[in-house]
Amino acid sequence: MAESCGRKLVVEVCNAKNLMPKDGQGTASAYAIVDFDGQRRRTKTKFRDLNPEWDEKLEFLVHDKETMESEMLEVNLYNDKKTEKRSVFSQIKGELGLKVYYIDENPDPPAAEEEKKPPTEEEKTKTEEKVEAVPEKEEEKKKEEEEEKPKEEAAAAAKEQEEVPKPEEAPPAEVHSEKQQQQPQQQTNNKENLKPESGDVVVVGGLNEAELLRSLGSGRSRSSSADDLVDRMPFLYVRVVKVKVKSEESVVPSSSFYAKLVIGTHSIKTKKSQSDKDWDQVFAFDKEGLNSTSLDLSVYRAEISDSDSETSCCLGTVSFDLQEVPKRVPPDSPLAPQWYTLDLESENPSSSGSGGNDVMLAVWFGTQTDEAFQEAWQSDSGGLIPETRAKVYLSPKLWYLRLTVIQTQDLQLKQLSEPNSNNNNKVRSPDHYYVVKAQLGAQVFKTCRSRTSGSTANNPTWNEDLVFVAAEPFEPFLVVTVEDVSNGQQSSSVGHAKIQVASIERRIDDHTDPKSRWFNLVGGDDGTSYTGRIHVRVCLEGGYHVLDEAAHVTSDVRASSKQLAKPPIGLLEVGIRGATNLMPVKTKDNGTRGTIDAYVVAKYGPKWVRTRTIMDRFSPRWNEQYTWDVYDPCTVLTIGVFDNGRYISKSEKDVRIGKIRVRLSTLDSNRIYINSYPLTVLLPNGANKMGDIEIAVRFTCPSWLSLIQAYTCPMLPRMHYVRPMGPAQQDILRHTAMKIVTTRLARSEPALGQEVVQFMLDSDTHVWSMRRSKANWFRVVGCLTRAATLARWLDGIRTWVHPPTTMLVHVALIAIAVCPNLVLPTVFMYAFLIILLRFRCRQRVPLNIDTRLSYVEAVSLDELDEEFDGFPTTRSPEQVRIRYDRLRALAGRAQILLGDVAAQGERLEALFSWKDPRATGIFVVFCLFASLMFYAVPFKAFVLVSGFYYLRHPRFRHDMPSIPVNVFKRLPSLSDQIM
């Protein structure tokens, strides 16, 4: 029917970019519906793709050429999900690319006459049935589209790189380009250059904004399948499956087969296979590192001769022109391997046979998002070395184990003699001292000493809590030992009991205490005799969050119990793009040149990710994207860069290159941040810049209400507030948890080294550092600077440095005294306006580690050496003495400062305690007259008089301290009572 019309409108739906996920899994299945002049056309559905490409032409009949310009063309995008409910407040974003033009045709007269005939009732019915049948056939089309495998991927990829034609060049001669809608230059089809900086909606190609707003989806909840935070890195993939030898009879049973791939200077062999001749190996070559345009694959047969020497003969070679290799981009199905005949070169002396052998393989160009990438031999990361592969690690799930030691009964005591006594019949003193020692794995804690005597000598009581950190899978037993410490430093075991950790009760709140239990103590000479019993209460605390990282960089605050789990409020997506200008940290080629084998570790919550190691490159490109669920916005993402030394030898340690931190609360929602951050590492010789790392971060929160609600909730679970632990106990448990996490991750395969985990967790924050002490001191000074600035401003007002300003303050004072009810509204309105004006000057780049704030630029080498010195010290006694004297001098100044602060509070207390009767008497008389004065004088008058007195002109002032200051400084303190 379209061929018989004189004019038709062509709408070419090209593609869409950066659509909002709609299916709850971070993707969307988009299709377009175009309406024009009562006609509706629909594109195919692109399943699970946020950057779909249709390249479909939809044709519409133009019934009236005169009124065509006034007709409305409506384009809507929908997510193909029947059960989804769309809200008017749903978040939308994205870009849509269209081409719109019309074509005039000259139909044949018979066709034109036939076209002029009105349609019959039967034709109308068929047309209506066809239009109504479109929704019913959509489900069948979806299944067909999932099974269809596009065979024109190479042509489509080449088409993406072409420039969009100009309006006068796009249509043929008979096409009149009345409407030609093109994408702007910055919105080209090259996905690698697409770097959106926000979630704003961009209208492309002259579309009606309201139509595009209706067509796009709501918030993102899972990672996009397109990995839009990183660049696509091209790789040449070669899957070698197996070989088929023509003459099987000539194959020796001890023969083995292998294939050799050669691309320029790159050469790699498959594993050796026996008679089945099956390899099924995948090789991935970085396209940027290829120095040839051809791929040669040769198959060899290796045989062991009588002299135990191995000889190889070539069965043939197959060559590929890399310019003709097809391209594949997921979600396309994997390329099916095919049989290729091996060409036997007669001039090759090692060749064998008469040819005709076949090899099954597949060759294609893909990206790092290809499913075969993880299992493939990778040219940029050293091949199949386990220590260089990308891995995801999980921290063990941690619990607090609380052991409440109540009492013991019926202890079977040994009759011990007094120490250094020759009389064996003389027993020890009647007072007995006992402690309970509990051990869980490497953790050992003891109760305080319990003193008993007389009739209660065998029944000591403690009622004391011991808290451990337990990691899943749990240690098998909690060992509780009762020790007799009556003989001073010497202790003897009375008996012990083993408690199975798997049988311990779990609780999530403090409403109910776990049941107490009695356990028999065994001991004696044989280790199995009954020596008493112990009464304890033990439970696994699921209502706490076990802190396993420094408090200021915590990334997870969830409780241990799954019953208290809350749904995530958003999604964190991190694209580890690459690094530039890295410094060499080791040597290669017998020390002739420096090199670095860099990889990145990112940690958020219990999930650790480790990128692949890029070998021998100072500007590596990883382009790996990872996602985390976010449960609290006030958490920190930690990213560290390391040099891989363990792949050379497991005894080697990985060298730290630098570390950055990103606090999620400083990020705007649904916005992509692509920035480069400097990598600075602190070494004993000072702070060194090791290069820069490029990171892309996006924090997606579909519900604005959930994000605001998270700010109103407590930072930690409820148990931390209703049954808090002391600061010292928290610090001990935190470092215990750090050790457990470090040990467990170091036991993984491949291992995440202890030096890596400790560097990421900041496990050395408790170590004394002169540099950190200075940094914290200047932080305190910085906080007090604003108060000092305000004090100087008030002093300038009262001393009439700028008379007009002082006069304005007098007017403000009168306004406050006359209308005190306007004070708070005015203050908050000024705060609102000032903060609102500062919004334009806000920090637009996520903050990173500040070397100036860390005070690494003005620190001496000796102070740095002291910071890196461990426990116990390994330095010389003279050096330790110098450092000790320096620390004593610093502590002396801090001691004086603390004494002065304490003295001010003690003077204020002495004013009310009659320690100085005359001073307190003066204050009592002043209080009496002040009460009478405030009773008679209105408060407004007092404010005005005191304000005018404070702001009086300097000629009415004197330079001596005021009377109240003189009285206060004469008050006594406790300083004169200290020895």
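Every value quoted in this text rests on a predicted model; they were computed, and no experiment measured them.

A closer look at a nonpolar patch on the surface
Step number 1: A contiguous nonpolar surface patch, about 670 Å² in accessible area, is contributed by W777, F778, V780, V781, L784, L897 and V901.
Step number 2: Those elements giving two or more residues to the nonpolar patch turn out to be α9 (770–798) and α13 (877–910).
Step number 3: If you tally residues by element for the nonpolar patch, the top one is α9, at five residues.
Step number 4: By the secondary structure assignment, L897 is in helix α13.

What about the sheet that holds strand β37 (residues 686–700)?
Step number 1: With antiparallel pairing, the four strands of this open sheet are ordered in space as β33-β28-β37-β36. Whereas interior strands pair on both sides, the edge strands pair on one side only; in this sheet they are β33 (621–630) and β36 (672–683). Neighbour-to-neighbour, the strand axes of this sheet turn through a mean angle of 30 degrees, independent of strand direction.
Step number 2: Pairing between strand β28 (residues 570–580) and β33: eight bridges, direction antiparallel. Bridge assignment links G578 to a residue of β33, and that residue is R621.

Regarding unusual backbone geometry
Step number 1: Of note, the bond from E472 into P473 is cis; its omega dihedral lies within 30 degrees of zero at -10 degrees.
Step number 2: Inspection of the secondary structure assignment puts P473 in the loop between β22 (461–471) and β23 (477–487).

Things to note about the sheet that holds strand β5 (residues 73–79)
Step number 1: Sheet architecture is open: three strands sit in the order β3-β2-β5, paired in antiparallel fashion. A single partner strand is all that each edge strand has here, and the edge strands are β3 (39–42) and β5. Mean inter-strand twist for the sheet, computed between neighbouring axes without regard to direction, equals 20 degrees.

A closer look at the packing of helix α7 (residues 727–746) against helix α8 (residues 754–761)
Step number 1: Running from amino to carboxyl end, α7 crosses α8 at an angle of 145 degrees, the nearest separation of the two axes being 9 Å. Where α7 crosses over α8, the handedness of that crossing is right-handed. Side by side, α7 and α8 meet where M738, V741, T742, L745 and A746 of the first sit next to Q754, V757, Q758 and L761 of the second.
Step number 2: Tallied by class, the residues present in the contact of α7 with α8 amount to six nonpolar, three polar and no charged.

Details of the nonpolar core
Step number 1: In this structure, L572, I639, I693 and I695 are the most contacted members of the largest nonpolar core, which totals 37 residues.
Step number 2: Elements with a minimum of two residues in this core: β28, β31 (598–604), β33, β34 (636–643), β35 (655–663), β36, β37 and α5 (704–712).
Step number 3: If one sorts the elements of this core by residue count, β37 sits on top with five residues.
Step number 4: Those residues in contact with I639 that sit more than four places away from it in its chain are V574, V600, V601, A602, G658, K659, I660, I693, I695 and M760.
Step number 5: Counting 28 residues, the second-largest nonpolar core is a separate cluster that includes A259, I263, I268 and V318.

Notes on the pattern of salt bridges
Step number 1: As enumerated under the stated definition, the model contains 53 salt bridges in all.
Step number 2: Across the salt bridge formed by D862 and R883, the nearest N and O atoms sit 3.4 Å from each other. In this pair, D862 sits in helix α12 (residues 861–868) while R883 sits in helix α13, placing the two residues 21 residues apart along the sequence.
Step number 3: Classification of D862 by relative accessible area gives partly exposed; the value is 24%.
Step number 4: Using a relative accessible area of 6% as the deciding quantity, one classes R883 as buried.

Parameters at a glance
- Residues numbered from 1 in each chain as written.
- Predicted model: local features only at pLDDT ≥ 70, side-chain atom pairs only at ≥ 80, totals over all residues.
- Heavy atoms only, no water.
- Patch = residues over 30% accessible without salt bridge, like charges linked within 9 Å, V, L, I, M, F, W, Y side chains within 5 Å.
- Areas by Shrake-Rupley, 256 points an atom, 1.4 Å probe, with all protein chains shown as cover.
- Salt bridge = Lys/Arg side-chain N within 4 Å of Asp/Glu carboxyl O.
- Helix = DSSP H or I, 4+ residues; strand = E, 2+ residues; numbered from the N terminus.
- Pairing = 2+ DSSP bridges.
- Axes fitted to C-alpha atoms, helices over the stretch in contact; angles between N-to-C directions.
- Left-handed = near helix turned anticlockwise from the far one by under 90°.
- Contact = heavy atoms within 4.5 Å.
- Nonpolar A, V, L, I, M, F, W, Y, C, P; charged D, E, K, R; others polar.
- Core = buried A, V, L, I, M, F, W, Y, C linked by side-chain atoms within 4.5 Å.
- Buried < 20%, exposed > 50% of the residue type's maximum accessible area, 1.4 Å probe, protein only.

Geometric values such as these leave the question of function open.
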